[in-house]
Amino acid sequence: MNYADLLLKRRSIRNYQEKAVANEIIMEIIKESTYAPSAGNGQPWKFIVINDRALMQEISDEAKKNILDRIAANPNDYVKKYQKMLMNDQYNIFYNAPAVVYIIGEKKLKNMPVDCALAASYFMMSAVDRGLGTCWINFARQISSPELLNKIGFPKNHEMIVPLIIGYPAQIPTMAKRNEPEIIKIL
Ligand SMILES: Cc1cc2nc3c(=O)[nH]c(=O)nc-3n(C[C@H](O)[C@H](O)[C@H](O)COP(=O)(O)O)c2cc1C
């Protein structure tokens, strides 16, 4: 697939086939995501791969609970607009994806979040190149239970930057509308 096709084909996918993604393929995609640039070539990204739907359900339940608690504590929180959706028991933050990959990094590293986001961008493109779909799921960062963090092997002093679901798309939506680029000035 050429680059223009890749760009145009990438979408946030929220509907997946049941089919699992082989770990070898996820490893290839992770490898390609490390071709992203990083500040001082620091490559601060680390990865947690979760293929276990029961565990994903647990993460979804905990994240939903935490976000709803946040809304209860502060009704002006911007996440309030998602309240109804989050209260729906049928709603799983990972949709029906077979896997989620967390891109994480050590908190103390200054450019780590930007570097991880760049790796995520490469990850999403590598997935499209293999006929796979992804979606960045920010909600999945809202987990705090020590037991759950321990279960996923989340290391101390790290931060979750990008949770990406991955799977074979069941449905590919049309491209979400893009605004014209805002060019401030051409000098
Ligand atoms: C930082 C970030 C957080 C996002 N969080 C979520 C999320 O929690 N749930 C979700 O369904 N999509 C999430 N998305 C996907 C966006 O909704 C999506 O990228 C946007 O609507 C544009 O659509 P496209 O990716 O198909 O071009 C997130 C995207 C980014 C970049």
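My aim in this report is to walk through the structure given alongside it, one point at a time. Model, not experiment: these values are computed from the prediction.

1. Points about the site of the ligand
Neighbouring residues of the ligand: Arg 10, Arg 11, Ser 12, Arg 14, Tyr 95, Cys 135, Trp 136, Ile 137, Asn 138, Phe 139, Ala 176 and Arg 178. Between an oxygen atom of the ligand and a side-chain N or O atom of Tyr 95, the distance comes to 2.6 Å. One of the side-chain nitrogen or oxygen atoms of Arg 178 is found 2.8 Å away from an oxygen atom of the ligand. For the ligand, whose unbound accessible area comes to 620 Å², protein coverage reaches 65%. Here the residues of the shell around the ligand sort into six nonpolar, two polar and four charged.

2. Quick notes on unusual backbone geometry
At Tyr 95, a residue that is not glycine, the phi angle is positive and equals roughly 55°. For Tyr 95, the location among the structural elements is in the loop between helix H4 (83–87) and strand E2 (99–106). The exposure class assigned to Tyr 95 is partly exposed, which follows from its relative accessible area of 26%. Residues other than glycine seldom take positive phi values, yet Asn 157 does so here, at roughly 60°.

3. Things to note about the packing of aromatic side chains
Applying the stated criterion across every chain, the model contains two aromatic pairs. Between the aromatic rings of Tyr 82 and Phe 139, the centroid separation amounts to 5.3 Å while the plane-to-plane angle is 85°, which identifies the pairing as edge-to-face. You can see Tyr 82 sitting in the loop between helix H3 (53–73) and H4 and its partner Phe 139 sitting in the loop between strand E3 (133–136) and helix H6 (146–151), a full 57 residues away along the chain. Residue Phe 139 is classed as buried on the basis of its relative accessible area, which comes to 14%.

4. A short note on the nonpolar core
Within the largest apolar cluster, 30 residues are counted, with the highest numbers of intra-cluster contacts made by Ile 50, Ile 59, Phe 94, Tyr 102, Ile 143 and Ile 165. Taken together, the elements giving at least two residues each to this core come down to strand E1 (46–50), H3, E2, H6 and strand E4 (158–167). It is H3 that provides the largest number of residues to this core, a total of six residues. Sequence-distant contacts of Tyr 102, that is, excluding residues within four places in its chain, are made with Lys 46, Phe 47, Ile 48, Ile 50, Ile 59, Phe 94, Ala 140, Ile 143, Met 160, Val 162 and Pro 163. Ranked by size, the runner-up nonpolar core spans 22 residues in total, among them Ile 29, Ile 30, Trp 45 and Ala 99.

5. Let's talk about helix H5 (residues 112–129)
Between its first and last C-alpha, H5 extends 26 Å over 18 residues, near the 26 Å set by a 1.5 Å rise per residue. All of the buried residues in H5 are Met 112, Asp 115, Cys 116, Ala 119, Ala 120, Phe 123, Met 124, Met 125, Ser 126, Ala 127 and Val 128. In this structure, the buried side of H5 is in contact with helix H1 (3–9), helix H2 (23–33), E2, E3 and E4.

6. Overview of a nonpolar patch on the surface
On the surface, a nonpolar cluster with roughly 410 Å² of combined accessible area is contributed by Tyr 3, Leu 7, Leu 8 and Met 175. Looking at the element boundaries, Leu 7 is found in helix H1. Exposure remark for Leu 7: the relative accessible area of 37% places this residue in the partly exposed category.

7. Observations concerning the environment of Glu 106
Looking at the element boundaries, Glu 106 is found in strand E2. For Glu 106, a relative accessible area of 24% translates into the label partly exposed. Separated by 58 residues in the primary sequence, Glu 106 and Ile 48 have C-alpha atoms spaced 14 Å apart. Those residues in contact with Glu 106, other than ones at most four positions away along the chain, are Lys 46, Met 112, Asn 157 and His 158.

8. What to know about H3
One turn of an α-helix holds 3.6 residues; hence residues three or four places apart share an orientation. For H3, which comprises 21 residues, the first-to-last C-alpha distance of 30 Å matches the rise-based estimate of 30 Å (1.5 Å per residue) to within 8%. When H3 is considered as a whole, its buried residues turn out to be Leu 55, Met 56, Ile 59, Ser 60, Glu 62, Ala 63, Lys 64, Asn 66, Ile 67 and Ile 71. Residues of H3 that are buried make contact with E1, H4, E2, H6 and E4. Measuring from the backbone nitrogen of Ala 54 back to the side-chain oxygen at the start of H3 gives 2.9 Å, which picks out Asp 52 as the cap.

Cut-offs used in this document
- Residues numbered from 1 in each chain as written.
- Predicted model: local features only at pLDDT ≥ 70, side-chain atom pairs only at ≥ 80, totals over all residues.
- Heavy atoms only, no water.
- Near = heavy atom within 4 Å.
- Polar contact = N/O pair within 3.5 Å; in protein donor to acceptor, adjacent residues only side chain to side chain.
- Areas by Shrake-Rupley, 256 points an atom, 1.4 Å probe, with all protein chains shown as cover.
- Nonpolar A, V, L, I, M, F, W, Y, C, P; charged D, E, K, R; others polar.
- Helix = DSSP H or I, 4+ residues; strand = E, 2+ residues; numbered from the N terminus.
- Buried < 20%, exposed > 50% of the residue type's maximum accessible area, 1.4 Å probe, protein only.
- Phe/Tyr/Trp six-rings, centres within 6.5 Å; stacked < 30°, edge-to-face > 60°.
- Core = buried A, V, L, I, M, F, W, Y, C linked by side-chain atoms within 4.5 Å.
- Contact = heavy atoms within 4.5 Å.
- Expected span 1.5 Å × (residues − 1).
- Patch = residues over 30% accessible without salt bridge, like charges linked within 9 Å, V, L, I, M, F, W, Y side chains within 5 Å.
- Salt bridge = Lys/Arg side-chain N within 4 Å of Asp/Glu carboxyl O.

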